[in-house]
Amino acid sequence: MKLSTVSAVTKSCLKDFLLMKKTLEQHHFVQFYLAVDDFCYDYLHENFQHITCFKLIKTEDANHVSESPQQQADFIKIIQAKFDVAKEAFKDSNFIFWCDVDHIFFNPMDPQILELIDKKLIDAAVTPHYSDGFADEKTVGYYNCGFVLISNPEFLATWEDLFARHKQLGLYYEQKPLELTTQFYPTITLPINYNVGWWKFLGPNAQIRWDSIKLKKDELTMFDNPLINFHFHYFREGKHAFDQASFKKSIAHIFNERKKKGDDLVFYTMNQLNNESL
């Protein structure tokens, strides 16, 4: 089954993308459809298999949480570029995986979930923030838009339309429009062991959640279910309220100690990228 993965990559997050690519390909056959800037186009186009690049990004300084109107506008342009690429991906794909570039995968997605999407028995699968009170989800949206499986192009079209009018409607970028879109289409929510972002560890249950993550022999679990992926920048320094250095040490430790097939290659890739200047 082809996992048609849609994302946006700029020079500042290229290393994170390459790490995500390596970890995701350990578990799935992946075809990437990417909105990129000039630098990433030159780096990725024709140099990697199963990557289709669309040179649509003209900025490196986009930031949706910035107070700068220009940075906010640049972010909006990048999200629109992702919608444009997603429509291209649907031309030869049964479904798409819309994602951010800063994922690190440890286990495959559940085949039953992918089958529901592939057979179009559901229109989308989304991941709640489960922010445990840290984020104002009534404002920013209940679902994280960095991890969405979509089988119905009409779902994508509705989401894009709401995003295009998000300022007029008073909605938070593309994230609140995603939540509203799920109200019109058959959609499932994925459990907490999917899309495990830093925001899951800042509320009152943070320690319980962290302690639930176990590495037993070659199995990494969260609440006794396979931990699918962490969602945070490994290479690009963030300004969010979490201990990025500790996360990085934990990730490296897992790939170095777990000894699952392919883990040694991922650990080598992490060290190689860490020492490479892009």
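Refer to the structure presented above.
Residues numbered from 1 in each chain as written. Predicted model: local features only at pLDDT ≥ 70, side-chain atom pairs only at ≥ 80, totals over all residues. Heavy atoms only, no water.

Student: In this structure, what is going on with the sheet that holds strand 7 (residues 143–150)? I would like to understand it.
Tutor: Strand pairing in a sheet relies on backbone hydrogen bonds, with the paired strands running either antiparallel or parallel. Spatially, 3-2-1-4-7-6-8 is the arrangement adopted by the seven strands of the open sheet, whose pairing is mixed. One side of each edge strand has no neighbouring strand; the edge strands of this open sheet are strand 3 (51–55) and strand 8 (187–189). In this sheet, neighbouring strand axes are inclined to one another by 20 degrees on average, regardless of whether the strands run parallel or antiparallel. Pairing of strand 1 (residues 2–9) with strand 4 (residues 96–99), which is carried by three bridges, proceeds in the parallel orientation. Within strand 4, the residue paired with S4 across the bridge is I96. Running over the sheet, helix 3 (residues 69–90) touches strand 1, strand 2 (29–36), strand 3, strand 4 and strand 7 and is turned about 165 degrees from strand 4. (Pairing = 2+ DSSP bridges. Helix = DSSP H or I, 4+ residues; strand = E, 2+ residues; numbered from the N terminus. Axes fitted to C-alpha atoms, helices over the stretch in contact; angles between N-to-C directions. Contact = heavy atoms within 4.5 Å.)

Student: I would appreciate a short explanation of the pattern of salt bridges in the present structure.
Tutor: If the charged atoms of two oppositely charged side chains come close together, the side chains can form a pair. Applying the stated rule across the entire model yields 11 salt bridges. D100 is the salt-bridge partner of K82, the closest N and O atoms lying 3.7 Å from each other. You can see K82 sitting in helix 3 and its partner D100 sitting in the loop between strand 4 and strand 5 (103–105), a full 18 residues away along the chain. Judged by its relative accessible area of 4%, K82 is buried. Shared partners join several salt bridges into a network, and the residues in it are D84, K87 and E160. (Salt bridge = Lys/Arg side-chain N within 4 Å of Asp/Glu carboxyl O. Buried < 20%, exposed > 50% of the residue type's maximum accessible area, 1.4 Å probe, protein only.)

Student: Hey, could you run me through the layout of surface pockets in this one?
Tutor: One water molecule sets the probe size; rolling that probe over the atoms shows where empty space is left. There is about 160 Å³ of room inside the second largest pocket. Lining the second largest pocket, in full, are L18, K21, K22, E25, Y43, F48, T269, Q272, L273 and E276. For the lining of the second largest pocket, the residue count by class is four nonpolar, two polar and four charged. (1 Å grid on protein atoms, 1.4 Å probe; cavity = no way out; pocket = protein on both sides within 12 Å on 5 of 7 lines; lining within 4 Å. Points joined across faces, edges and corners; volume = space filled by probe spheres on them. Nonpolar A, V, L, I, M, F, W, Y, C, P; charged D, E, K, R; others polar.)

Student: Whenever I open this one, the packing of aromatic side chains confuses me. Can you help?
Tutor: Any pair of aromatic rings gets described here by the distance separating the centres and the angle formed by the planes. In total, this model carries 25 aromatic pairs according to the counting rule given. Summarising the aromatic geometry, the rings of F17 and F32 are spaced 5.3 Å apart at their centres and angled 80 degrees between planes, so their arrangement reads as edge-to-face. With a gap of 15 residues between them, F17 in helix 1 (residues 14–24) and F32 in strand 2 connect regions that are remote in the sequence. Each member of the pair, F17 together with F32, is buried. With a centroid separation of 5.3 Å and 85 degrees between ring planes, the pair formed by F201 and W210 is classed as edge-to-face. A relative accessible area of 11% places F201 in the buried class. (Phe/Tyr/Trp six-rings, centres within 6.5 Å; stacked < 30°, edge-to-face > 60°.)

Student: Can you help me understand empty space enclosed by the protein in this one?
Tutor: What the rule picks out here adds up to one cavity of 30 Å³ or more. Considering only enclosed or pocket space, the largest cavity measures out at about 50 Å³ in volume. Classifying every residue of the lining of the largest cavity gives three nonpolar, three polar and three charged.

Student: What should I look at first to understand the pairing of strand 2 in this one?
Tutor: Within a regular strand, the side chains alternate between the two sheet faces. With respect to burial, strand 2 is a largely interior element, seven of its eight residues being buried. Pairing of strand 1 with strand 2 involves eight bridges; the strand directions are parallel. Bridging across to strand 2, V9 finds its partner in V36. Where the polypeptide runs from strand 1 across helix 1 and back to strand 2, its parallel neighbour, the crossover connection is right-handed. Pairing geometry for strand 2 and strand 3, over five bridges, is parallel. Pairing of Y33 across the sheet is with T52, part of strand 3. In this region the chain leaves strand 2, passes through helix 2 (residues 38–44) and returns to the parallel neighbour strand 3; the handedness of that crossover is right-handed. (Right-handed = clockwise from strand over helix to strand, strands pointing away.)

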